[in-house]
Amino acid sequence: MVNRNVLVLGELKSGSLRSVSFEAIAAAQEIAGNGQVTAILIGEEIQGYSDEMIAYGADRVLTVEHKNLRNATSDGYAQALFKVMEEEQPDGLVFAHTALGKDLAPRVASRMDAGLVSDVTGIAREEETIVFTRPLFSGKAIEKKVITEGLMMATIRPNNIPPLDRDPSRSGKVESIDIEIENLRTMVKEIIHSKSDGVDLSEAKIIVAGGRGVKSAEGFGPLQELAEVLGGTVGASRGACDAGFCDYSLQIGQTGKVVTPDLYIACGISGAIQHLAGMSNSKLIIAINKDPEANIFHIADYGIVGDLFEVVPALVEEVKQMKVGV
Ligand SMILES: Cc1cc2nc3c(=O)[nH]c(=O)nc-3n(C[C@H](O)[C@H](O)[C@H](O)COP(=O)(O)OP(=O)(O)OC[C@H]3O[C@@H](n4cnc5c(N)ncnc54)[C@H](O)[C@@H]3O)c2cc1C
């Protein structure tokens, strides 16, 4: 069995750890084998999260707190990470494939002259070798990749690698490190959240997505209701965004977000290739479309041919009834 020391960057969003951080710990454990997984938390107010990282499989946690690390900047985070890496001399480094991870990982890989596999959806250990799986060309091909030497780096796509079972009885050392973060060339002055900011689409387990067939901003009402009763969130096609029915932050697809929920309900979406690029890896796809020839039915596990304004409210009622019956 291999014995690697692997670092994982934990990420916070709206005061909680992002669930992809736990998935990254599971990936790091796979890479580490019998070695040690150390989670790192970087930011301005980051106390109180370490136990959760340990419960999900980190063996140890390092925290780097500094006022200049407010509003995650890859510049500041990189300074903190380089310092930690000098001390720790890790064999591996795992990030989430989030806005931060996508920005930070190439910067670190380039400085460390390390191999980086990004947007990883699967990871397997074959004796000493770690084999990473990642989709290519908007999911039309799958690549299996190994890093042949040196530091092993990866970014993990949310909702693909199962986290380890949470075990609150696990214990591990938590250390805080003082690092001077200075001479930042870029700083985030302010983060303005969009109105639709709720559950992060890329980490959502259930998505009810609307397309041009929803016809108006008000038309998203029944979809919102279905998402609420199912405990999910609303997404959209670019058709719906372009038509002004919803915010672009909801767009799923090649030029929007890539999502892998357990359940994706596509309502009034035709299934253009650019849309499929963002959602075709969803675990279960249900399509509602009044056109029986719509392309979305080719990738749907279940298809409902009908008017979404009749089908969606009926589904809402059905789910409500099921809940009453429980
Ligand atoms: C470079 C590039 C990048 C792109 N990136 C993206 C991207 O990231 N994401 C994306 O989604 N698209 C993207 N597109 C656009 C894409 O090609 C399609 O135009 C878009 O996905 C269509 O959106 P839609 O399915 O909502 O609309 P439409 O194709 O107009 O489909 C509407 C569907 O609603 C159905 N419908 C209508 N009324 C009802 C009703 N009452 N009940 C049930 N069904 C109904 C219709 O039968 C139809 O199938 C991109 C295009 C380009 C060129």
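Residues numbered from 1 in each chain as written. Predicted model: local features only at pLDDT ≥ 70, side-chain atom pairs only at ≥ 80, totals over all residues. Heavy atoms only, no water.

Named according to an unreviewed UniProt entry, the chain is Electron transfer flavoprotein alpha subunit apoprotein originating from Halobacillus dabanensis.

## A closer look at the overall build of the chain
When helices and strands are counted, the chain shows eight helices and 17 strands. Computed over the C-alpha atoms, the radius of gyration of the chain is 21 Å, within 12% of the 20 Å expected from 2.2 N^0.38 for a compact globule of 326 residues. Here the chain holds 326 residues, and 50% of them are scored as buried. Expressed as a percentage of contacts within the chain between residues at least 6 apart in sequence, the contacts between residues at least 24 apart total 64%. A total of about 16,000 Å² of accessible surface is found on the chain, and carbon and sulfur atoms cover 48% of it. The distance from the centre of the 31 positive side-chain charges to the centre of the 45 negative ones in the chain is 4 Å. (Helix = DSSP H or I, 4+ residues; strand = E, 2+ residues; numbered from the N terminus. Rg over C-alpha atoms; globule rule 2.2 N^0.38 Å. Buried < 20%, exposed > 50% of the residue type's maximum accessible area, 1.4 Å probe, protein only. Contact = heavy atoms within 4.5 Å. Areas by Shrake-Rupley, 256 points an atom, 1.4 Å probe, with all protein chains shown as cover. Lys, Arg positive; Asp, Glu negative; His and termini not counted. Charge placed at Lys NZ, Arg CZ, Asp CG, Glu CD.)

## Side note on the packing of aromatic side chains
The tally for this structure, following the rule as stated, stands at one aromatic pair. Pairing Phe22 with Tyr56 gives two aromatic rings, centres 3.9 Å apart and planes at 15°, and the pair type is stacked. Here Phe22 is found in helix α1 (residues 19-32), whereas its partner Tyr56 is found in the loop between α2 (50-55) and β5 (60-65), with 34 residues between them in sequence. You'll find Phe22 and Tyr56 in the same group, each marked buried. Over the aromatic face of Phe82 sits the side chain of Arg111, whose NZ or CZ is 3.9 Å from the ring centroid. (Phe/Tyr/Trp six-rings, centres within 6.5 Å; stacked < 30°, edge-to-face > 60°. Lys NZ or Arg CZ within 6 Å of the ring centre and 35° of its normal.)

## Considering the site of the ligand
In the vicinity of the ligand lie 26 residues, with Arg212, Ser237, Thr255, Ser270 and Asn289 positioned nearest. In the model, an oxygen atom of the ligand is placed 2.7 Å from a nitrogen or oxygen of the Arg212 main chain. Contact between the ligand and Ile252: a nitrogen atom at 2.9 Å from a main-chain N or O atom of the residue. Contact with the protein chains removes 77% of the 990 Å² of surface that the ligand exposes when unbound. (Near = heavy atom within 4 Å. Polar contact = N/O pair within 3.5 Å; in protein donor to acceptor, adjacent residues only side chain to side chain.)

## A closer look at the side chain of Thr233
By secondary structure assignment, the location of Thr233 is in strand β14 (residues 233-236). Dropping the residues within four chain positions of it, Thr233 is found in contact with Val199, Leu201, Ala204, Ile206, Ile207, Val208 and Ala227.

## Considering α1
Its 14 residues give α1 an end-to-end C-alpha distance of 20 Å, which sits within 8% of 20 Å, the value for a rise of 1.5 Å per residue. Along α1, twelve of the 14 residues are buried, which leaves the element largely enclosed by surrounding structure. Within α1, burial applies to Val20, Ser21, Phe22, Glu23, Ala24, Ile25, Ala26, Ala27, Ala28, Gln29, Ile31 and Ala32. In the stretch just after α1, Gly33 is the one whose phi turns positive, near 65°. (Expected span 1.5 Å × (residues − 1).)

## A short note on the environment of Leu136
By the secondary structure assignment, Leu136 is in strand β9 (residues 129-136). The spatial distance from the C-alpha of Leu136 to the C-alpha of Asp119 is 9.4 Å, given a sequence separation of 17 residues. Other than its neighbours up to four places away in sequence, Leu136 contacts Ala141 and Glu143.

## Quick look at the nonpolar core
Counting 32 residues, the largest nonpolar core has Ile25, Ile31, Met53, Val94 and Phe132 as the members making the most contacts within it. Elements that contribute at least two residues to this core include exactly β1 (6-9), α1, β4 (37-43), α2, β7 (115-120), β9 and β11 (152-156). Counting residues per element, this core draws most heavily on α1, at eight residues. Look past the residues within four positions of Val94 in its chain and what remains in contact with it is Val6, Leu7, Val8, Leu9, Ala24, Ala27, Ala28, Ile31, Ala154 and Ile156. (Core = buried A, V, L, I, M, F, W, Y, C linked by side-chain atoms within 4.5 Å.)

## Some details on the sheet that holds strand β10 (residues 141-145)
Sheet architecture is open: three strands sit in the order β8-β9-β10, paired in antiparallel fashion. Among the strands making up the open sheet, the edge pair consists of β8 (122-126) and β10. Across the sheet, the mean angle from the axis of one strand to that of its neighbour is 25°, orientation sign disregarded. Where β9 meets β10, five bridges bridge the pair, whose relative direction is antiparallel. The residue of β10 that forms the bridge with Leu136 is Ala141. Of the strands in this sheet, β8 and β9 touch α1, which is tilted by about 15° from β8. (Pairing = 2+ DSSP bridges. Axes fitted to C-alpha atoms, helices over the stretch in contact; angles between N-to-C directions.)

## Observations regarding the domain arrangement of the chain
Under the domain assignment used here, the chain contains domain 1 (6-177) and domain 2 (201-325). Inter-centroid distance (C-alpha atoms) of domain 1 to domain 2 is 31 Å. Across the contact, ten residues belong to domain 1 and twelve residues belong to domain 2. Both faces considered, domain 1 and domain 2 share a buried interface measuring about 910 Å² in area, 34% of it formed by carbon and sulfur atoms. When residues of domain 1 are sorted by the area they lose upon contact with domain 2, Ser138, Arg157 and Asn159 head the list and together hold 56% of the total. Viewed at the interface, domain 2 and domain 1 are joined by one salt bridge. One salt bridge in this structure joins Arg18 and Glu203, with 2.7 Å as the shortest N-O distance. For the interface between domain 1 and domain 2, the tally reads nine residue pairs in polar contact (both at pLDDT 80 or more). Across the side of domain 1 that touches domain 2, the residue classes break down as two nonpolar, four polar and four charged. (Domains from an automatic or database assignment. Buried area = accessible area lost by both parts, 1.4 Å probe. Salt bridge = Lys/Arg side-chain N within 4 Å of Asp/Glu carboxyl O. Nonpolar A, V, L, I, M, F, W, Y, C, P; charged D, E, K, R; others polar.)

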